[in-house]
Amino acid sequence: MTRQKIEVDFGLCESNGVCMGIVPEVFDLDDEDYLHVLTDEVTPENEDKVREAVRQCPRQAISIRDE
Ligand code: SF4
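Parameters at a glance
Residues numbered from 1 in each chain as written. Predicted model: local features only at pLDDT ≥ 70, side-chain atom pairs only at ≥ 80, totals over all residues. Heavy atoms only, no water. Helix = DSSP H or I, 4+ residues; strand = E, 2+ residues; numbered from the N terminus. Rg over C-alpha atoms; globule rule 2.2 N^0.38 Å. Phe/Tyr/Trp six-rings, centres within 6.5 Å; stacked < 30°, edge-to-face > 60°. Buried < 20%, exposed > 50% of the residue type's maximum accessible area, 1.4 Å probe, protein only.

Per an unreviewed UniProt entry, the recorded name for the chain is Ferredoxin, and the organism is Mycolicibacterium litorale.

Written out as structure tokens, the structure reads:
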């Protein structure tokens, strides 16, 4: 079965927290504005919101990759 992985291009990310607002269980900004991907696995539970974050990221820094 194909797994789907969440990837963030940190060269593009500007730490504005849009993704964290949509799906905080996956994306977390720390006190120093560094974005952490808490889990890089797309699951049936988070898929809709992760895809929304991909669409909403103003820098188009988030992608989903098939493994
Ligand atoms: S929405 Fe995009 S630019 Fe903003 S913190 Fe998330 S990955 Fe970075």
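S.K.: Looking at this structure, I do not really get the overall build of the chain. What am I missing?
M.R.: A tally of helices and strands in the chain yields 2 helices and 4 strands. Counted from the first residue to the last, the chain has its helices and strands arranged as β-α-β-β-α-β. In summary, the chain has a C-alpha radius of gyration of 11 Å against a globular reference of 11 Å for 67 residues, a match within 12%. Its C-alpha atoms put the chain at 35 × 20 × 15 Å along the principal axes.

S.K.: I tried to follow the packing of aromatic side chains on my own but got confused; where do I start?
M.R.: Aromatic rings considered in pairs are described by the distance between their centres and by the relative angle of their planes. If you walk through the whole model with that rule in mind, you get 1 aromatic pair. Ring geometry for F10 and Y34: centres 5.7 Å apart, planes at 10 degrees, overall stacked. One end of the pair, F10, is in the loop between strand 1 (4-8) and helix 1 (18-22); the other, Y34, is in the loop between strand 2 (27-29) and strand 3 (35-37), with 24 residues separating them in the sequence. The exposure class of F10 is partly exposed, given its relative accessible area of 40%.

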